[in-house]
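# Descriptive analysis of the structure
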Amino acid sequence: MDFPPKHINIYVDQHGFFGKYWDVVWGEPGNKGNSDELKATTFNVIVHNENQIEVSFSWKWDISLKGKRPPMNLDKRYIMLKDSSGFYTYTILDHRREFPELNLEESRVAFNLRSDMFHHLTVSDTMQREMPAYVDRQKGQPLAYPEAVLLTNPVNPVHKGEGYQFWTKANMDGSFLIPNVRAGEYNLFARVPGFNGDFKHNISIKISPGINQDLGKVVYEPPRAGPTLWEIGFPDRSAAEFRVPEPDEKYMIKLFVNREDWFRQYGTWEQYSEMYPTTDLIFTIGVSRHQRDWFYAHVPRKLGDKYVPTTWSIVFEINNVLPSGTYKLRIAIASATYAELQVGLNDDKKSKAPLHNWKIRKRQCYCKTRHSWSLLVIYS
């Protein structure tokens, strides 16, 4: 593998942190969490050939490190492939049976990239945009939590929300046309309301000026686990069909101005407390409508400066129950952080424990201390 002879530093030192780092938050049971930057002591080359190079940075824990470093063995890996831009990285955290007990709250890797070289942010194949500059965040208006600011006068106009995504709706025969697409390389995604899963074309599509692309016949076979007894919403991997309040124009993100994207807008979750000031949501199958009666995010109620848990109820009837049948309850959680979700059945007061209890710690979502689900289904 050939490497350029000139070294180029793509990282910067910002806010007291080195340009790139791993770290974990850990602690012994009953003690306050500590931060460790996972600095290694040993370097090894794992793979080195004409197509791939993989290197390892590791350390071995022993009893002399008790209380000083997390009781686990570390192995950080970096991989580069021939003809593939960028690199891959992962870490192996090995906690042996004989090691002391350990609480591991989070592990992360961070890269502070040079803003003069890197401008684009990719979260997924369908969520990509230009990155705002650090100066834009500094002069922006702070919002409800540190990660959110309102850009007031961004350096690059594209940061106001104008992105490059092109949409269309297929005709009754399945044919479709997407006009006026900018030149570039794209992925093709499709979804069918009411069917599980979604479609992604198996090859990328290159658009050149003045040339039409004919994709031929595109076939999607959706998965299905069995007949549906009842469901709330549609299996479309979106919260768009639920009750989403109209966003505040002050915080409107232009990338999500369409009605089906309102659930991505900032601050709409706060309106649950206004809609349900004293009692919580009750949804009756066959009577209630998910577009009107099922709020898109299951959030706590705001009472003054406090947030209190909320209990939602789903009321339904089953006329014929198969004694030997198996019924599945499926709950799709769009995003959650620092949350606890309990599911009970028939309000059984004889049982002190819920049917199931999920404790969710740090995960990505729009606002901390809030959790949401988008779909509830029983299959027989």
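Look a little higher up for the structure.
Structure report, in brief. (Residues numbered from 1 in each chain as written. Predicted model: local features only at pLDDT ≥ 70, side-chain atom pairs only at ≥ 80, totals over all residues. Heavy atoms only, no water.)

### Concerning the overall build of the protein chain
For the protein chain, the helix and strand inventory stands at three helices and 26 strands. Per-residue burial for the protein chain yields a buried fraction of 28% across its 380 residues. Long-range pairs, those at least 24 residues apart, make up 56% of the contacts in the protein chain between residues at least 6 apart in sequence. As displayed, the protein chain offers around 26,300 Å² of accessible surface, 52% of which is attributable to carbon and sulfur atoms. (Helix = DSSP H or I, 4+ residues; strand = E, 2+ residues; numbered from the N terminus. Buried < 20%, exposed > 50% of the residue type's maximum accessible area, 1.4 Å probe, protein only. Contact = heavy atoms within 4.5 Å. Areas by Shrake-Rupley, 256 points an atom, 1.4 Å probe, with all protein chains shown as cover.)

### Observations regarding the nonpolar core
Counting residues in hydrophobic clusters, the biggest one holds 24 residues, and the most contacted among them are Tyr-272, Leu-281, Trp-294, Phe-295 and Tyr-296. In this view, Phe-295 contacts Phe-242, Arg-243, Pro-245, Thr-268, Trp-269, Gln-271, Tyr-272, Met-275, Leu-281 and Trp-312; residues no more than four positions away in its chain are not counted. Formed by nine residues, the second largest nonpolar core is a distinct cluster that contains Trp-59, Met-72, Leu-74 and Phe-99. (Core = buried A, V, L, I, M, F, W, Y, C linked by side-chain atoms within 4.5 Å.)

### Topic: the pattern of salt bridges
Applying the stated rule across the entire model yields 10 salt bridges. Where Arg-292 meets Asp-293, a salt bridge forms, and the shortest distance between an N and an O atom there is 2.9 Å. Note on Arg-292: relative accessible area 43%, which makes it partly exposed. We classify Asp-293 as buried; its relative accessible area is 17%. Linked by salt bridges that have partners in common, Glu-54, Asp-75 and Arg-77 make up one network. (Salt bridge = Lys/Arg side-chain N within 4 Å of Asp/Glu carboxyl O.)

### Details of the sheet that holds strand 2 (residues 34-36)
Here we have three strands laid out as an open sheet, ordered 2-1-7, and antiparallel in their pairing. This sheet does not close on itself; its edge strands, each paired only once, are strand 2 and strand 7 (103-111). Going from strand to strand, the sheet's axes swing by 20 degrees on average, the running direction of each strand aside. Across eight bridges, strand 1 (residues 20-27) lies against strand 7 in antiparallel orientation. Its bridge partner lying in strand 7, Asp-23 is registered against Arg-108. (Pairing = 2+ DSSP bridges. Axes fitted to C-alpha atoms, helices over the stretch in contact; angles between N-to-C directions.)

### Looking at the packing of aromatic side chains
Taken as a whole, this structure holds 16 aromatic pairs when the rule is applied. Geometrically, the ring pair formed by Tyr-78 and Phe-87 is tilted, given 6.0 Å between the ring centres and 50 degrees between the ring planes. The class of Phe-87 is partly exposed, set by a relative accessible area of 36%. Ring geometry for Tyr-251 versus Tyr-266: centroids 5.3 Å apart, planes at 70 degrees, classification edge-to-face. With Tyr-251 in the loop between strand 16 (228-232) and helix 2 (272-275) and Tyr-266 in the loop between strand 16 and helix 2, this pair connects stretches of sequence that are 15 residues apart. Tyr-251 gets classed as partly exposed once you look at its relative accessible area, which sits at 21%. Members of the aromatic cluster, each reached through a chain of ring pairs, are Tyr-272, Tyr-276, Phe-283, Trp-294, Phe-295, Tyr-296 and Trp-312. Stacked on the ring of Trp-59, the Lys or Arg Arg-69 has its end atom at 3.6 Å from the ring centre. (Phe/Tyr/Trp six-rings, centres within 6.5 Å; stacked < 30°, edge-to-face > 60°. Lys NZ or Arg CZ within 6 Å of the ring centre and 35° of its normal.)

### Side note on the sheet that holds strand 3 (residues 42-48)
Overall, antiparallel pairing links the four strands, which are arranged 3-4-5-6 in an open sheet. Two strands in the sheet have a free side with no partner beyond their single neighbour: strand 3 and strand 6 (88-94). Averaged over all pairs of adjacent strands, the angle between their axes in this sheet comes to 20 degrees, without regard to strand direction. Where strand 4 (residues 52-59) and strand 5 (residues 73-81) come together, eight bridges link them in antiparallel fashion. Its bridge partner lying in strand 5, Ile-53 is registered against Met-80.

### Here we look at the environment of Arg-264
Relative to the elements of secondary structure, Arg-264 occurs in the loop between strand 16 and helix 2. The class for Arg-264 is partly exposed, based on a relative accessible area of 22%. Between the alpha carbons of Arg-264 and Ala-240 there is a distance of 8.9 Å; along the sequence they are 24 residues apart.

### Digging into the environment of Val-149
Looking at the secondary structure, you find Val-149 in strand 11 (residues 149-150). Residue Val-149 is classed as partly exposed on the basis of its relative accessible area of 23%. It is 9.1 Å that separates the C-alpha atoms of Val-149 and Lys-139, two residues lying 10 residues apart in sequence. Non-local contacts of Val-149, meaning those with residues more than four positions away in its chain, are made with Arg-137, Gln-141, Pro-142 and Leu-143.

### Remarks on the pairing of strand 3
A regular strand carries its side chains on alternate faces of the sheet. Here six bridges tie strand 3 to strand 4, and the two strands are oriented antiparallel to one another. Along strand 4, the bridge assignment pairs Phe-43 with Phe-57.

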